[in-house]
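Structural description and commentary
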Amino acid sequence: MFMDQYPYQINSLGHIEIGGVDTVELANKYGTPLYVYDVAVIRERCRSFVDTFKQLGVRAQVAYASKAFSSIAILQVIKQEGLSVDVVSEGELYTALQAGINPEKIHLHGNNKSSRELEMAVENHIGCVVVDNFFEIELLTSILKHHNKKMDVIIRVTPGIKSKTHQYIMTGNEDSKFGFDLHNGQADEAFHLLLENPHVNFKGLHCHIGSQIFDTERFVTATNILFNKLVEWKDSHGFIPKVLNLGGGFGIRYTEEDQPIPLHHYVEKLVETVKEHSEQLDIPLPEIWIEPGRSIVGDAGITLYTVGSQKHIPGVRDYISVDGGMTDNIRPALYQAKYHGLLANRANDANDTVVSVAGKCCESGDMLIWDLPIPKVNSGDILAILSTGAYGYSMASNYNRIQRAAVVFVENGQDKLVIKRETYEDIISHDLSYES
Ligand SMILES: Cc1ncc(COP(=O)(O)O)c(C=O)c1O
Ligand SMILES: N[C@@H](CCCC[NH3+])C(=O)O
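Everything numeric in this text was worked out from a predicted model, so none of it was measured. (Residues numbered from 1 in each chain as written. Chains lettered and ligands numbered in written order. Predicted model: local features only at pLDDT ≥ 70, side-chain atom pairs only at ≥ 80, totals over all residues. Heavy atoms only, no water.)

Before going further, it helps to examine unusual backbone geometry. Cis geometry marks the peptide bond from Thr32 to Pro33; its omega dihedral reads -5°. On the secondary structure map, Pro33 appears in the loop between helix 1 (23-30) and strand 4 (34-38). Notably, His125 is not glycine yet its phi reads approximately 55°, a positive angle. Assignment of secondary structure puts His125 in the loop between helix 5 (115-123) and strand 8 (128-131). Despite not being glycine, Ser387 shows a phi value in the positive range, around 55°. With respect to the helices, strands and loops of the structure, Ser387 is situated in the loop between strand 19 (382-386) and strand 20 (406-411). (Helix = DSSP H or I, 4+ residues; strand = E, 2+ residues; numbered from the N terminus.)

So, about the pattern of salt bridges. Within this structure, the stated rule accounts for 19 salt bridges. Glu136 is the partner of Lys113 in a salt bridge, and the nearest nitrogen-oxygen pair spans 2.8 Å. In this pair, Lys113 is assigned in the loop between strand 7 (106-108) and helix 5 and Glu136 in helix 6 (residues 134-147), connecting sequence segments 23 residues apart. For Lys113, a relative accessible area of 3% gives the class buried. Between Asp431 and Arg401 there is a salt bridge whose closest N-O contact spans 2.8 Å. Remark: Arg401 occurs in the loop between strand 19 and strand 20 and Asp431 occurs in the segment after helix 12 (424-428); sequence separation between them is 30 residues. Exposure remark for Arg401: the relative accessible area of 45% places this residue in the partly exposed category. A single network of salt bridges, built from pairs that share partners, joins Arg43, Arg47, Glu81 and Glu411. (Salt bridge = Lys/Arg side-chain N within 4 Å of Asp/Glu carboxyl O. Buried < 20%, exposed > 50% of the residue type's maximum accessible area, 1.4 Å probe, protein only.)

Next up on the list: the side chain of His199. The topology assignment puts His199 in the loop between helix 7 (186-195) and strand 11 (200-206). A polar side-chain atom of His199 sits 3.4 Å from the main-chain carbonyl oxygen of Lys149. Those residues in contact with His199 that lie beyond four places of it in its chain are Thr141, Leu144, Lys145, Lys149, Lys150 and Met151. (Polar contact = N/O pair within 3.5 Å; in protein donor to acceptor, adjacent residues only side chain to side chain. Contact = heavy atoms within 4.5 Å.)

The next point concerns the pairing of strand 21 (residues 414-419). Examined bridge by bridge, strand 20 and strand 21 share five bridges and lie antiparallel to one another. Pairing of Val410 across the sheet is with Asp415, part of strand 21. Between the antiparallel neighbours strand 20 and strand 21 lie two residues, among them Asn412 with a positive phi of about 50°. (Pairing = 2+ DSSP bridges.)

By nearness alone, 15 residues border ligand 1, and Ser211, Gly249, Glu291, Arg294 and Tyr391 come closest of all. Residue Gly293 places a main-chain N or O atom 2.9 Å away from an oxygen atom belonging to ligand 1. Here ligand 1 has 390 Å² of accessible area as a free molecule, and 94% of this is covered by the chains. The residue makeup of the shell around ligand 1, split by class, is three nonpolar, seven polar and five charged. (Near = heavy atom within 4 Å. Areas by Shrake-Rupley, 256 points an atom, 1.4 Å probe, with all protein chains shown as cover. Nonpolar A, V, L, I, M, F, W, Y, C, P; charged D, E, K, R; others polar.)

Quick look at the nonpolar core now. By size, the foremost hydrophobic cluster in this structure holds 89 residues, and its most contacted members are Tyr64, Phe69, Ile155 and Val297. If we ignore the near neighbours within four places in the chain, the residues touching Ile155 are Val131, Phe180, Ala187, Ala190, Phe191, Leu194, Phe202, Gly204, Leu205, His206 and Trp233. If you look at the next biggest cluster of nonpolar residues, it comprises 22 residues, including Tyr6, Val36, Leu342 and Ala347. (Core = buried A, V, L, I, M, F, W, Y, C linked by side-chain atoms within 4.5 Å.)

Following the UniProt record, the feature "active site" (unreviewed entry) maps to Cys362 here. Within the element layout of this structure, Cys362 appears in the loop between strand 17 (353-358) and strand 18 (367-374). Residue contacts for Cys362: discarding those within four places in its chain leaves Tyr399 and Asn400. (UniProt positions renumbered as here; feature names shortened; annotations may be inferred.)

Right, let's get into the sheet that holds strand 2 (residues 16-18). Overall, antiparallel pairing links the three strands, which are arranged 1-2-3 in an open sheet. Strand pairing shows two members of the sheet lacking a second neighbour, strand 1 (9-10) and strand 3 (21-22), which therefore form its edges. In the sheet, strand 2 pairs with strand 3 via two bridges, with the strands oriented antiparallel. Looking across to strand 3, one finds that Ile18 is bridged to Val21.

Turning next to helix 8 (residues 217-237). With 21 residues, helix 8 extends 30 Å between its outermost C-alpha atoms, agreeing within 8% with the 30 Å of an ideal straight helix rising 1.5 Å per residue. What helix 8 keeps buried is the set Arg218, Phe219, Val220, Ala222, Thr223, Ile225, Leu226, Phe227, Lys229, Leu230 and Trp233. On its buried face, helix 8 sits against strand 9 (151-158), helix 7, strand 11, strand 12 (243-245) and helix 9 (263-281). Gly238, located one to two residues past helix 8, shows a positive phi value of around 65°. (Expected span 1.5 Å × (residues − 1).)

Structure, rendered in structure tokens:
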């Protein structure tokens, strides 16, 4: 059955169960909309990456891309599992530090890092800055000079390949706001600037070709392209890379159309490719770093909603509306992302109708799922949307002054609130009065 392909079960009451906990009980206890994560699945995903590197005897860092979902609780799990953390802002860096992540295991990304962000990185002795552009080289150098410090850096390059994914989540192509182009001389210029810079240890290259990628082929192509450059730099400067960061982007199942491959396959193929090149180049195997986000938390999470109003337009379409929407999951509106949903309280009932699931925002584009086969829906039913663990909470907004939903972790039959639902007081807490 289709549900077998997801890490959730249906219990004897016909309710969806996650991490051994009945989702209907969770909806009653915490209210909806509610994000629920199975921590055992998160751990299992972390271990797929970490253990494969270990089994292959390769020095590596698996850096969780915390943009996918950042909070104290998730980063505590990430820390327990021995991962590093990739952050892209002061807020993500602050959260990682507060969660107790060892600063040496934090990598700072970003195409427009501010001086405050770089200062914070330097002051906290984080492990590595992934340098993205010439402006940043100057800024970072002046901050390091000022603090009389030295920092490990790698540079982000765009290998110039397009991944089969939505344009907005494609990042490794030439026409991208991220990184230095490998083919027009910019990466070489950055390399020279950093190699001669007494304030940095220039360790190697980074590339991230995009997101939700289901095959290993493009990772191999990207690695080949990086090595073409490394061959040049070894010949011209005797440069030997210590680190090769091949980014994230490993695909997960949202709907039946998605056919993810086991996560260890990516690691095996990357290691094989880097080993081949290193042997050819006659250099020691560099440390291999990867940055999975979605594949760590994506299918470990679901969102529970309560169905409210319904609208039947004869000959056109049936809409059901839920108590959340684009405020807790912007991905359908932003990327036309597709999700699967089902009734959490009647998961075994036969699908005898088709509905489109609308959010409650004042926006026609606030649709979560189009044309979902489902049993006849009653207002008050609990709808579960699957695989919402990545880029759901982290991209949530307060549009229409809707409160951000709560987050609950479940593991081995136990549930724990890890992010409180926002209150109306929270929503106005930063508002200042304009009355004299
Ligand atoms: C530099 C970088 N690393 C890692 C990721 C994580 O990607 P994903 O969540 O698809 O694994 C992203 C986001 O796409 C990224 O831009
Ligand atoms: N937010 C994107 C992925 C991040 C792309 C940026 N590197 C998503 O939901 O798919």
